[in-house]
Structure formats: structure tokens, C-alpha cells
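Coordinate analysis (summary)
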Amino acid sequence: MIIRAVLLTVLVVTGIAFIFAWRRAVNIRQAKGRWPSPVQLAIGFVTDFLDTLGIGSFATTTAAYKLFKVVPDERLVGTMIVGHSLPVVAQALIFIAAVKVDPVVLGSLIAVSVLGGWVGAGLSARLPVRPIQITISLGLIAAAVFMTMSQLGVFPAGGTELTLSAGKLGFAIVVNFVLGILLMLGIGNYAPSLIIFSLLGMDPRAAFPIMMGSGALMAMAGGFRFIRAAKFDGKAALGLTLGGIPGVLVAGLIVKSLPLSVLRWMVVGVVIYAATMMLRSAMKRPDSAAPLEQEPVPTFQDK
């Protein structure tokens, strides 16, 4: 109970610090900013709504951004990390409070994933555009494969455990560290996390507070670095946040579950399309790219 309370407190305090860091970056750059477009807000609502139901948000956000040409590829990862951070905090608060899981397992896995996210954000913020495009493309293809396997019933059903033995926990800690790094490179952690926890015999429901608590703190840890580097689209990120939080609340507190089979197949198709477009962009781009120019970052009050 104490660990759970500490985690909830850390999420709230870190979320407040994240908001102030974002606003401080705006003030330093003296940005005028503009209100996110209806499309950007809608992308935030839909992707975080689906994220709360367990589909994930990175693949769907990337697909939407490529389809509507919202964000340049070099700022795509940073925009998703910064923009989805606070919606995932809302998810984590809901699921950590509602779903029972061993607090030691919960706390240790979240802590190591944050460390991985911090390391990964440093790598992502320094990578040129082409490796980012290729990495995201591979992540999208992996996401499509995982979704297809889930639809075909290939994934393990999982067990009923709410904790892990020492050996299994050690293995899960290593995996979560790697997933934290990969998240900062644009590869979502929900599908691989569900697979790993199911293989380890955990109740799949117990994976949700771990995934979302990890995702929230990883995203904010990485988000601080992307904010400092100004390597994200502020207007689009704000659209994810302002559209995403209501999407989380509707999915988590009102809808809770939906028959998602048809929707998942549609998402698979869209994700494959986005991966193809991203790879085509990477193949057309020269190995080196000009340094990125910093751009204004909208504040939460700019309209």
C-alpha cells in the first residue's frame, strides 16, 4: 500500500513538474504559439482512447501523422513522447489505483523502465533523421505483427499471478529497461509487455498498471530531454495532450471495454501503411541531414 501511494504521489508531482518545464521552455523561447487544430486534437483523443483500451498509441499516432502530414519525421518521436506524457499519467493513476498487483514488482519494473527511457531519450535526441525513420518503421512493422498474432490467438493466454518470483522479476527488469530505451526511439511497449508478462504467468490485467505506470514516468523522463532539446512539434504535442486526456477518461472511466476485433484489424492496415510511407521517406533521404532549427512551443494557455 505504501509503495502504491508513493507511486501515485510521484506521478502527480512529476506531472506538475513536467507542465512547468513545458511552460518554462515556452517562456524562454518567447513563443506566441497557436491553438492545436481540430485534427490534432482528434488524433490525441482517438489515440489515447485506444491506448487506454490496450491497443497502444505510438503506432496509431504515427499512422495518423503520416496520413495527415501533421509532423515532420525528425520531430515525430519527440512530439509523441511529450504529447502523450500527461494522458498516460492519467491512465497510470486510474489503473494503479484500481488494479491489484504486487507493489514490489510494480515499483521495481517502473523504476528500471524510467532509467531505460532516460537513456533512450538521450540517444533519440541526437540521432539523425534517417535512423529514426528506419527505427520507427521497424517498430510499426513489429506492432502490426503483434496485433495480427493477437487477433489470431497466437499470444499466450497468461496466468493468474499478481507477482513474480525473484528469477522472473530479474528477467522482467532487464526487459523493461530495454523497452524503456526502445520507447524513446518510437517503438511502443504495450504489445511486448503483454507478451512477456503473459509468458511469465502473470494475469494480463496486472500488466496494465505496470505498463502505464512505466509508460507515464518513462515518457516524462524522456520528455524533459526532448523539451530541453526543442526536438518536437509543440502545437501537435499540445493537441495530443488536450485531446488525449479526455480520451483516457472516457475509455478508462466510462467505456472500460469494447469489442475490438474489427477495430484491431483496421489498425493493422493503417499501421502497415504508415510503416511503408516511413520507409519510403527514409530511402529517399540522404544519410546526413541539416541541423534542426528550433521552433516555438505553444503553451497551455496560448490560443
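Residues numbered from 1 in each chain as written. Predicted model: local features only at pLDDT ≥ 70, side-chain atom pairs only at ≥ 80, totals over all residues. Heavy atoms only, no water.

Describing the overall build of the chain
Condition: Elements are defined by DSSP. Helices are runs of H or I of four residues or more, strands are runs of E of two residues or more, and each kind is numbered from the N terminus. Residue contacts are defined here by distance: any two heavy atoms, one from each residue, within 4.5 Å place the two residues in contact.
Of the regular secondary structure elements, the chain holds eleven helices and zero strands. Once local pairs closer than 6 in sequence are excluded, the contacts in the chain between residues at least 24 apart make up 90%.

Thoughts on unusual backbone geometry
Positive phi is not limited to glycine here, since Lys 69 has a value of about 55°. Tracing the backbone through its elements, the reader meets Lys 69 in the loop between α3 (58-68) and α4 (76-98). Phi angles above zero are rare outside glycine, and Ala 230 is one such case at about 55°. In this structure, Ala 230 sits in the loop between α9 (204-229) and α10 (234-255).

Notes on α9
The following threshold applies: The length a helix should cover is 1.5 Å for every residue beyond the first.
The end-to-end C-alpha distance of α9 is 37 Å, a good match for the 38 Å that 26 residues give at a rise of 1.5 Å each. Backbone geometry just downstream of α9 places Ala 230 in the positive-phi region, at approximately 55°.

Points about α10
Selection rule: Nitrogen and oxygen atoms within 3.5 Å of one another constitute a polar contact, given that in protein one can donate a hydrogen and the other can accept it, and given that sequence-neighbouring residues count only through two side-chain atoms.
An ideal rise of 1.5 Å per residue puts 32 Å on 22 residues; α10 measures up with 30 Å between its terminal C-alpha atoms. Where α10 begins, one side-chain oxygen reaches toward the backbone nitrogen of Lys 235, 3.2 Å away; that side chain belongs to Asp 233.

Concerning the environment of Leu 115
Mapped onto the fold, Leu 115 is located in helix α5 (residues 103-126). Each C-alpha atom of the pair Leu 115 and Leu 217 lies 9.5 Å from the other, and the pair is 102 residues apart in sequence.

Examining the pattern of salt bridges
For the record, the criterion: Only one rule defines a salt bridge in this text: a Lys or Arg side-chain nitrogen within 4 Å of an Asp or Glu carboxyl oxygen. The buried label goes to any residue with under 20% of its type's maximum accessible area, the exposed label to any with over 50%, and the partly exposed label to all in between, with areas taken from a 1.4 Å probe on protein chains only.
According to the stated counting rule, one finds one salt bridge in the structure shown. Here Lys 66 makes a salt bridge to Asp 73, at a shortest N to O gap of 3.2 Å. Residue class for Lys 66 comes out buried when judged on its relative accessible area of 13%.

Observations concerning the packing of aromatic side chains
So the rule is basically this: Only centres within 6.5 Å qualify two rings of Phe, Tyr or Trp (six-membered ring in Trp) as a pair; their planes then separate them into stacked at under 30 degrees, edge-to-face at over 60, and tilted for everything else.
All chains considered together, the criterion is met by five aromatic pairs. Measuring from ring centre to ring centre gives 5.5 Å for Phe 18 and Phe 224, while their planes differ by 70°; the resulting arrangement is edge-to-face. You can see Phe 18 sitting in helix α1 (residues 2-29) and its partner Phe 224 sitting in helix α9, a full 206 residues away along the chain. Residue Phe 18 is classed as buried on the basis of its relative accessible area, which comes to 0%. Assessed through its relative accessible area of 22%, Phe 224 is described here as partly exposed. Between the aromatic rings of Trp 22 and Phe 232, the centroid separation amounts to 6.2 Å while the plane-to-plane angle is 85°, which identifies the pairing as edge-to-face. Here Trp 22, found in helix α1, pairs with Phe 232, found in the loop between α9 and α10; they are 210 residues apart in sequence, far enough to count as distant. Taking the relative accessible area as the measure of exposure, Phe 232 reaches 1% and is therefore buried. Clustering of aromatic rings is evident, with ring pairs tying together Phe 18, Trp 22, Phe 224 and Phe 232.

Structural notes on the nonpolar core
Quick reminder of the rule: Put simply, buried Ala, Val, Leu, Ile, Met, Phe, Trp, Tyr and Cys residues joined by side-chain atoms within 4.5 Å make one nonpolar core.
The biggest cluster of nonpolar side chains holds 65 residues, and the ones touching the most others in it are Trp 22, Tyr 65, Ile 81, Val 82 and Ile 210. Of all the elements in the fold, those that place two or more residues in this core are α1, α3, α4, α5, α7 (166-183), α8 (190-199), α9 and α10. Filtering out sequence-adjacent residues up to four positions away, Ile 81 remains in contact with Phe 58, Leu 183, Met 184, Ala 219, Gly 222, Gly 223 and Phe 226. Counting five residues, the second largest nonpolar core, distinct from the first, contains Phe 49, Leu 50, Leu 53 and Ile 55.

Notes on a nonpolar patch on the surface
To be explicit about the condition: Surface patches are defined over residues having more than 30% relative accessible area and no salt bridge, joining like charges when they lie within 9 Å and nonpolar side chains (Val, Leu, Ile, Met, Phe, Trp, Tyr) when within 5 Å. Note on areas: Shrake-Rupley with a 1.4 Å probe; residue coverage comes only from the protein chains shown.
A surface patch of nonpolar side chains, about 270 Å² in accessible area, is lined by Ile 2, Val 6 and Val 10. One can find Val 6 in helix α1.

What to know about the environment of Leu 67
Note on placement: Leu 67 falls in helix α3. In this structure Leu 67 comes out as partly exposed when scored by relative accessible area, which is 45%.

So, the confidence of the model for the chain
How we decide: Values of pLDDT, which run from 0 to 100, indicate the predictor's confidence residue by residue.
The share of residues in the chain with pLDDT of 70 or more is 82%, and the mean pLDDT across the chain is 80. This model gives residues 288-303 a pLDDT under 50, and the stretch forms 47 contacts once residues within four places in sequence are excluded.

Here we look at the packing of helix α2 (residues 38-52) against α4
Going by this rule: The axes are straight lines fitted to the C-alpha atoms, using for helices just the contacting stretch, and the angles between their N-to-C directions are given from 0 to 180°. Every angle not falling under 35 degrees, over 145, or within 65 to 115 is termed oblique; those three ranges are roughly parallel, roughly antiparallel and roughly perpendicular. Whether a crossing is left-handed or right-handed is set by the direction in which the near helix is turned from the far one by less than a right angle, anticlockwise for left-handed and clockwise for right-handed.
The contact between α2 and α4 brings their axes to 11 Å, and the two run at 30°. Relative to α4, the element α2 is oriented roughly parallel. As α2 packs across α4, the resulting crossing turns out to be right-handed. From α2, Thr 47, Asp 48, Asp 51 and Thr 52 reach across to α4, where they touch His 84, Pro 87, Val 88, Gln 91 and Phe 95.

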